[in-house]
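Take a look at the letters that make up each chain.
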Amino acid sequence: MTRITAPPPPSSPPGSPPPIRHSPAPVTPPSRRRGRHSPSPSLALTPSASTSSRTKLRPTPKRAYSPAQWVPLNSHPAFSRRDSGGGAAAWGTAASRLYAWDPSACSAHRIGVRTRDPDAENGEVDVAVEAAVPSELLTPESDLGYTVTHISLNADGSSLLLVGSYNLSVLYVHERVSEDGDIIICRTAPVACQILPSDSDGIKVLQASWHPFSNNHFAVLTSDAVFRLFDLSSDLEQPEQEFYLQSILPGKCQNASAICPVAFSYGSDHLWDRFSVFILFSDGSIFVLCPVVPFGSDYSKKHIQEIYEDVNAFGLKSSNPNVVTNSHLAIAWLEATFPDLLHQSTDTSYLMSKAHAYAPVDDSLTLQGPLCRVCEESNESEGKNSSCEGKAVGFMYSSAGKDSVLVTAWGSGQLQIDALADEIQPQWNIGVPSRLNVDSHGQIKSVAMICDSNSQDPLALRSHRPSSTGSNVKSNIEAVWMGNSPPLLRLAIVDLALPKTPNDNSLLLFPDPLVPERFYCAHGGGLDMVTLHFLPFSYPEMSSTPPSVHPVLTTGNSETSSFLSGFVTIADAYGHVQLVGITCLGECFVVEMKGWKEPTPLQLDIECKSTKDVEPPATGMISKELIAGPDPPILPSSSSLKSLTPDSIEGKSTLHHYIKVFHEYYVEYGHKVFIELKEHADYLKTEMGDKQKRLEAVKKSLISIEAKDGDINKRIDRAFKVYELLEKRIDSFKMLPAANKKPLSQAEQEFKAQLDRFADVELDALRSSIAALSARMKRFAQQSMGGAASTGVTPWQAPKAGRSHISESQMSLLKSSLEKLSLLNEENNLKLRLIDHELKDQEQ
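Residues numbered from 1 in each chain as written. Predicted model: local features only at pLDDT ≥ 70, side-chain atom pairs only at ≥ 80, totals over all residues. Heavy atoms only, no water.

## A closer look at the overall build of the protein chain
What the protein chain contains, in helices and strands, is nine helices and 36 strands. By residue count, 41% of the 844 residues in the protein chain fall in the buried class. Taking all contacts inside the protein chain whose residues are at least 6 apart in sequence as the whole, residues at least 24 apart take part in 64%. With an accessible surface of roughly 46,800 Å², the protein chain has 56% of that area assigned to carbon and sulfur atoms. (Helix = DSSP H or I, 4+ residues; strand = E, 2+ residues; numbered from the N terminus. Buried < 20%, exposed > 50% of the residue type's maximum accessible area, 1.4 Å probe, protein only. Contact = heavy atoms within 4.5 Å. Areas by Shrake-Rupley, 256 points an atom, 1.4 Å probe, with all protein chains shown as cover.)

Below, the structure is given as structure tokens:
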């Protein structure tokens, strides 16, 4: 059930308590922040001695807080004075604060929010979500120099990530430089200035979000197919972990979209999923990195122990050598990352286990995938035809019960919903060394590695056929540890019926905080809610029930991109979900989603009662008892009456008795009939009045129809004339030379579909790859020239490895390769224009 909040009532009196305000967190001294260099494209890491500078915070006097006024959230002043449209939004669960970015002020509004039960017994509450006035305006200490498109808040609400298309910054909420009333200037630090250039012609930031198991780590996915993990407490210039994604083996790339990542999503609390990162590429392929753990993050010791026992129970006891090898690698990683597993103490007060910095020297992570769809032998052709069109634009992971659900949004307006048919397991490329950066004490500071995909994964899909699952439990358990990627089970493809646009539609996916089987999709046409009823491991009995799609909001203009600039989901204390959205015009709306589950459809069972058991409805007619007549009295036998004479005393007594009996039966019945007929007269009078009114209404309708009959005849005649005119136009069109054109054959249609895909998807992917490669070459050339001018050795060079920096011949070879790639792109564009021209000539 959905309910949009009513127009704002007048604000409450200023007697309400002020919003909760947190005192600034203790500032870490500058000496504890160490700067580090990340590996260059050659992945050679060296210790660094650079130190990041921090702005000295000035003490600010304490200010008096005035009592807050509570107003409906959609009428808050932060959403009524927007001149340049709306901005991104983030929700802080720890302190119930809504962060709304203001593009005109280049600041973030920090709004205190409270939820109330609109179904209270007193009936005085009309608004479910209220906001405190005034709110704080968090302003960066310096000009960012770019447009903020997305903001993200960490779990404890201390740091706000400001994401742009080509830049990143971190705003420290509690480290305040100065205060002027409600305007607070906070310390802001840029992220990865050396990796991300200042111009808009280089590496693009595709997605940036905080890690769910750490308050200090956030991940960034860039257009150069690199996944980086930064540590907020250590260094913001160089990543702590860097993974170069090689989804396609060199020399085997058939389409450019297969090497362009789009988005990523973290796993949840389900075995190895909590150590996994799911990455979506432009062609819809999904890859997995496992294990990926931020250094110093906290995990549940109970869950770690469960995974450790699972590996020892099923992996080491196998007769397959590949299973034993993968199990040994997983055990070694668990014991090195979580040393508490080897030192089991009797003290159970520590419920969390801290992850230590570790990475194997001789091995690197495998980019598992692409995850293939599992299907029956008879459904192979059906699975190939049920693919989505366009390119992938959005991605979301959700853990619902025993299932791990992956949702992919396509630019054509389709949602592809899959579930993992098996467990995620860690995989390493044996013999491919990682690049480690260690300090003077031998502790790992950062790590970088090239993650190649496993080319044998599609062949391993044969062991995951549904027909073979359950036939041999031992073989199925061993198949988990064989080093094969888990297959996907297609749940459904949801078509939102969006119109086709020259550019792909922008679809945004948001999970529901209370119901894991539910998620929301925002697009140009509005906001839809999708609920999954069938999950293979949680709800197998609902296999024939498709997902349900319910429109929550409709904009009426589905040809534009997403109308939302910010969207958050709030789980209140009453078991409801509040959807808060900020439109591109700066307006705020609140939608309340009531109930945990959707109401079951009403089903009527017509066989449970017969028609005899159903009482007829009460009418105004005479009762059947009166119509049937009175019950006749019981008379004695005629022989006994014949023996009596009317003149005798006994005859007179008997006659008097039967006269009295007949009087009781028939006179009383006549009285009842009189009363019934008297009351029935009023009923008949009422019925006659109603019939007369209906008759008059029918007469008026007939009169109006007769009056409109002439107009209807005129419209029919005009329609016939238009029809004749259209027939003449069709006949004239048949005389044109293009009327004899034959439809495209199947081969021509496939060729045309390939051309459309090349124009829509492949060209964009090629341009993105060329831009990322050019930016990387410029950064590499600047680093090499700066290092040679200062010390004669490049800053990314590793002296122990014995490698020299790149030579001039190699640099010229790289430039010539780029020129050849540009020429190839121009030739492809010319061929595409020629083919389009030929097709147009054939059509004419």
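Once you've had a look at it, read on.
## A closer look at the packing of aromatic side chains
Scanning the model with the defined rule gives 16 aromatic pairs in all. For the pair Phe227 and Phe243, a centre-to-centre distance of 6.2 Å together with 40 degrees between the ring planes defines the contact as tilted. Taken together, the positions of Phe227 in strand β14 (residues 226-231) and Phe243 in strand β15 (residues 241-246) put the pair 16 residues apart, joining distant regions of the chain. Residue Phe227 shares its accessibility class with Phe243, and that shared class is buried. Plain terms: the ring middles of Tyr299 and Phe338 are 5.9 Å apart, the flat faces sit at 85 degrees to each other, and that makes the pair edge-to-face. With Tyr299 in strand β19 (residues 298-300) and Phe338 in the loop between α2 (321-337) and β20 (352-354), this residue pair connects regions lying 39 residues apart in the sequence. Side by side, Tyr299 and Phe338 carry an identical accessibility label, which is buried. (Phe/Tyr/Trp six-rings, centres within 6.5 Å; stacked < 30°, edge-to-face > 60°.)

## Overview of the nonpolar core
Membership of the largest hydrophobic core comes to 55 residues, with the highest contact counts inside it found for Leu245, Trp272 and Leu289. The biggest single contributor to this core is strand β17 (residues 277-281), with five residues. Apart from residues no more than four positions distant in its own chain, Leu245 is found in contact with Leu221, Ala225, Phe227, Ile279, Phe281, Leu289, Leu367 and Cys451. (Core = buried A, V, L, I, M, F, W, Y, C linked by side-chain atoms within 4.5 Å.)

## Let's talk about the sheet that holds β17
Strand order in the open sheet formed by four strands is β16-β17-β18-β22, with antiparallel pairing between adjacent strands. Every interior strand has two partners, whereas the edge strands, β16 (261-266) and β22 (367-368), have only one. (Pairing = 2+ DSSP bridges.)

## Here's the deal with the confidence of the model for the protein chain
Overall, the predicted model of the protein chain reaches an average pLDDT of 76, with 71% of residues at or above 70. Counted against residues more than four places away or in other chains, residues 376-385, with its pLDDT under 50, gives seven contacts. Contacts of residues 791-805 to residues separated by more than four positions or lying in other chains number 25 contacts, the stretch itself having pLDDT below 50. (pLDDT = per-residue confidence, 0-100.)

## So, the sheet that holds strand β24 (residues 403-410)
One open sheet holds the four strands; their spatial order is β23-β24-β25-β29, and the pairing between them is antiparallel. Edge positions in the sheet fall to β23 (392-400) and β29 (488-495), since each of these pairs with one other strand and no more. On average, each strand axis in the sheet is tilted by 20 degrees relative to the strand beside it, whichever way the strands run. Across seven bridges, strand β25 (residues 414-420) lies against β29 in antiparallel orientation. Across the sheet, Ala419 pairs through a bridge with Leu489, a residue of β29. (Axes fitted to C-alpha atoms, helices over the stretch in contact; angles between N-to-C directions.)

## Looking at the side chain of Gln578
Among the structural elements, Gln578 can be located in strand β35 (residues 577-583). Among the polar contacts made by the side chain of Gln578, one reaches the side chain of Asp572 at a distance of 3.0 Å. When neighbours within four sequence positions are excluded, Gln578 is seen to be in contact with Thr115, Ala128, Val129, Val568, Thr569, Ile570, Asp572, Val590, Val591 and Glu592. (Polar contact = N/O pair within 3.5 Å; in protein donor to acceptor, adjacent residues only side chain to side chain.)

## Focus: the packing of helix α1 (residues 301-314) against α2
Close contact between α1 and α2 brings their axes to 10 Å; oriented N to C, the two are set at 155 degrees. By the angle between their axes, α1 is roughly antiparallel relative to α2. Between α1 and α2 the crossing geometry is left-handed. For the pair formed by α1 and α2, the contact residues are Ile307, Tyr308, Val311 and Asn312 on the first element and Ser327, Ala330, Ile331, Leu334 and Glu335 on the second. Residues that form the contact of α1 with α2 fall into these classes: six nonpolar, two polar and one charged. (Parallel < 35°, antiparallel > 145°, perpendicular 65-115°, else oblique. Left-handed = near helix turned anticlockwise from the far one by under 90°. Nonpolar A, V, L, I, M, F, W, Y, C, P; charged D, E, K, R; others polar.)

## Observations regarding unusual backbone geometry
Cis peptide bonds are those with omega within 30 degrees of zero, and the linkage from Cys290 to Pro291 qualifies with 5 degrees. Of note, Ala192 is a non-glycine position whose phi angle comes to about 55 degrees, a positive value. When its relative accessible area of 2% is taken as the criterion, Ala192 is described as buried. Here the phi dihedral of Ala497 falls at roughly 55 degrees; this positive angle occurs in a residue that is not glycine. Turning to its location among the elements, Ala497 is positioned in the loop between β29 and β30 (508-511). Judged by relative accessible area, which is 65%, Ala497 ranks as exposed.

## Regarding helix α7 (residues 649-734)
At Lys708, α7 shows its strongest bend, of approximately 35 degrees. For α7, the set of buried residues is Gly651, Tyr658, Val661 and His680. (Bend = angle between axes of the 7 residues up to and from the residue.)

## A closer look at the environment of Tyr397
With respect to the helices and strands, the residue Tyr397 is situated in strand β23. Residues Tyr397 and Phe264 lie 133 residues apart in sequence; the distance between their C-alpha atoms is 8.8 Å. With sequence-adjacent residues up to four places away left out, Tyr397 is seen in contact with Ser265, Tyr266, Gly267, Ser268, Asp273, Phe278, Ser404, Val405 and Leu406. In this structure the side chain of Tyr397 is engaged in a polar contact, spanning 2.8 Å, whose partner is the side chain of Asp273. A polar contact is formed between the side chain of Tyr397 and the side chain of Ser404, at a distance of 3.2 Å.

## Some words on α2
Along an α-helix, a turn takes 3.6 residues, which lines up residues three or four apart on a common side. The end-to-end C-alpha distance of α2 is 24 Å, a good match for the 24 Å that 17 residues give at a rise of 1.5 Å each. Taken together, the buried positions of α2 are occupied by Val323, Asn326, Ser327, Ala330, Ile331, Trp333, Leu334 and Thr337. Along the axis of α2, the buried positions cluster into a sector of 165 degrees, meaning they face one direction only. (Expected span 1.5 Å × (residues − 1). Arc of directions from axis to C-beta.)

## Brief notes about the pairing of strand β4 (residues 97-102)
Of all six residues making up β4, six are buried, and the element is well covered by its neighbours. Neither face of β4 is exposed, since Arg97, Tyr99 and Trp101 on one face and Leu98, Ala100 and Asp102 on the opposite face are all buried. Pairing analysis gives four bridges linking strand β3 (residues 89-92) to β4, with the strands arranged antiparallel. Looking across to β4, one finds that Gly92 is bridged to Arg97. Turn length for the β3-β4 hairpin, with the two strands adjacent in sequence and antiparallel, is four residues, and the turn residue Ser96 shows positive phi of about 55 degrees. The sheet contact formed by β4 and strand β5 (residues 107-115) spans six bridges and is antiparallel. By the bridge assignment, Tyr99 is partnered in β5 with Arg110. Counting the residues in the hairpin turn of β4 and β5 gives four residues, including Cys106, whose phi is positive at 50 degrees.

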